[in-house]
Amino acid sequence: KNPYLSPFNEMQRFKTHPAIKAYLEGGRRVAYGARALVEGGFQSQPKLTFPGGVLIGDTAGFLNVPKIKGNHMAMKSGMLAAEALAPFLQAGGEARECVAYQTGYENSWAYKELYKVRNIRPGFNWGLLFGIIHAGFQTIGGWMLPYTLKNHADYKQLNKAKDSVKIDYPKPDGVLTFDRLTSVQLSNTMHEEDQPSHLKLKDPSIPVSVNLPEWAEPAQRYCPAAVYEIVEEMGAKKFVINAQNCVHCKTCDIKDPSQNIDWTVPQGGGGPNYPNM
Ligand SMILES: Cc1cc2nc3c(=O)[nH]c(=O)nc-3n(C[C@H](O)[C@H](O)[C@H](O)COP(=O)(O)OP(=O)(O)OC[C@H]3O[C@@H](n4cnc5c(N)ncnc54)[C@H](O)[C@@H]3O)c2cc1C
Ligand code: SF4
């Protein structure tokens, strides 16, 4: 909620807690990456089929959110899609939408698994203590009760800068804590040079005219790769996008309070390369 919060710097601070530091001391930074979780779950899933295509895996919200497990669901949804598509294609005909995939999913263990955990994540919207108690209740059978909590849109959650406390993060020591730019180097992020920015602004004036006065332009802090900067040029504020650093976490597309940033696929299959993660 605090627009001054930097998830990257919170992580650095977390590492300095004595209980965590003890495990990290003497270690070496070997890799870096970031990715937003697809947290919507069961009640945020879209219709899975459309003429000429189907949605599987994370793109259709198949993540089991409380467990942060999605590989098995991505595989299962792919299998269900294949099982529906094979007879659909063999039959030929005029139909363009493979609706049998949706039915197959609704009759599968994957559907039941997501249904059972649907209320756990939104339960935390009422606070940590309630969330933990409610999660326990849901797990021991509360999921059978006929209610489904709603999710909230992340981009609507930020408080205004004038109502928020600024956070001063300590400088990185280069041993236990690090800065974003040297961390991004370890993500092996590559983008073809001279391509148009894959981070599109619907209205280029909004970062400086709206986001800066209202939320101190939070993109400067929530982006884990320091892609977004506000700089001053000849006395005027300017929003700079260092698109080549983008590690494809998709946070900006989700979190921008004005919903002005559109993450698109870069040319040439560029992006981070996580060989050890
Ligand atoms: C921090 C974190 C920890 C996790 N831990 C676990 C765990 O321990 N166990 C577990 O089971 N799950 C875990 N998950 C979830 C799991 O990673 C995902 O649910 C799973 O990877 C989803 O698989 P997917 O194939 O649907 O999507 P992805 O793995 O995201 O694959 C989609 C691929 O498509 C590519 N792509 C996107 N657009 C295009 C395009 N236009 N053209 C070509 N390629 C494109 C992307 O680069 C990407 O490689 C974790 C997730 C996160 C973020
Ligand atoms: S630009 Fe957006 S998608 Fe890329 S690293 Fe920053 S927040 Fe993530």
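Residues numbered from 1 in each chain as written. Chains lettered and ligands numbered in written order. Predicted model: local features only at pLDDT ≥ 70, side-chain atom pairs only at ≥ 80, totals over all residues. Heavy atoms only, no water.

As recorded in an unreviewed UniProt entry, the protein chain goes by Electron transfer flavoprotein-ubiquinone oxidoreductase and comes from Micavibrio aeruginosavorus. Turning to the protein chain, the UniProt annotation filed under Function (unreviewed entry) states: "Accepts electrons from ETF and reduces ubiquinone." (UniProt positions renumbered as here; feature names shortened; annotations may be inferred.)

Draft legend 1. The arrangement of the layout of surface pockets in detail. Its volume calculated, the second largest pocket comes out at about 300 Å³. As for the second largest pocket, its lining consists of 14 residues, of which Asn 9, Tyr 169, Pro 170, Lys 171 and Pro 172 are closest to the centre. With 4 residues, helix α1 (residues 7-15) is the single largest residue contributor to the lining of the second largest pocket. Of the residues assigned to the lining of the second largest pocket, the class counts are 5 nonpolar, 4 polar and 5 charged. (1 Å grid on protein atoms, 1.4 Å probe; cavity = no way out; pocket = protein on both sides within 12 Å on 5 of 7 lines; lining within 4 Å. Points joined across faces, edges and corners; volume = space filled by probe spheres on them. Helix = DSSP H or I, 4+ residues; strand = E, 2+ residues; numbered from the N terminus. Nonpolar A, V, L, I, M, F, W, Y, C, P; charged D, E, K, R; others polar.)

Draft legend 2. Spotlight on the site of ligand 2. Around ligand 2, the surrounding shell holds 14 residues, and the nearest of these are Cys 223, Cys 246, Cys 249, Lys 250 and Cys 252. For ligand 2, the cavity whose grid points lie within 2 Å of the majority of its atoms is the largest cavity. (Near = heavy atom within 4 Å. Sits in = over half its atoms within 2 Å of the grid points.)

Draft legend 3. Seen up close, the packing of helix α3 (residues 71-91) against helix α5 (residues 109-116). Packing of α3 against α5 brings their axes to within 10 Å, and their N-to-C directions diverge by 140 degrees. Crossing geometry of α3 relative to α5 is assigned as left-handed. Touching His 72, Met 73 and Lys 76 of α3 are Trp 109, Ala 110, Glu 113 and Leu 114, all from α5. Of the residues assigned to the contact of α3 with α5, the class counts are 4 nonpolar, 1 polar and 2 charged. (Axes fitted to C-alpha atoms, helices over the stretch in contact; angles between N-to-C directions. Left-handed = near helix turned anticlockwise from the far one by under 90°. Contact = heavy atoms within 4.5 Å.)

Draft legend 4. Quick look at α5. When we look at burial in α5, the residues that qualify are Ala 110, Glu 113 and Leu 114. All buried residues of α5 project into a common sector of 90 degrees when viewed along the axis, lining one side. Elements in contact with the buried residues of α5: α3 and α4 (100-106). Where α5 starts, the residue carrying a side-chain oxygen 3.2 Å from the main-chain nitrogen of Ala 110 turns out to be Ser 108. (Buried < 20%, exposed > 50% of the residue type's maximum accessible area, 1.4 Å probe, protein only. Arc of directions from axis to C-beta. Polar contact = N/O pair within 3.5 Å; in protein donor to acceptor, adjacent residues only side chain to side chain.)

Draft legend 5. Looking closely at the site of ligand 1. Surrounding ligand 1, one finds Arg 35, Leu 37, Gly 57, Asp 58, Leu 63, Ile 68, Lys 69, Gly 70, Asn 71, Ala 74 and Val 265. In the environment of ligand 1, an oxygen atom lies 3.2 Å from a nitrogen or oxygen atom belonging to the side chain of Lys 69. Summarising the interface, the protein chains cover 42% of the accessible area of ligand 1, which totals 990 Å² for the free molecule. Class assignment for the residues of the shell around ligand 1 results in 5 nonpolar, 3 polar and 3 charged. (Areas by Shrake-Rupley, 256 points an atom, 1.4 Å probe, with all protein chains shown as cover.)

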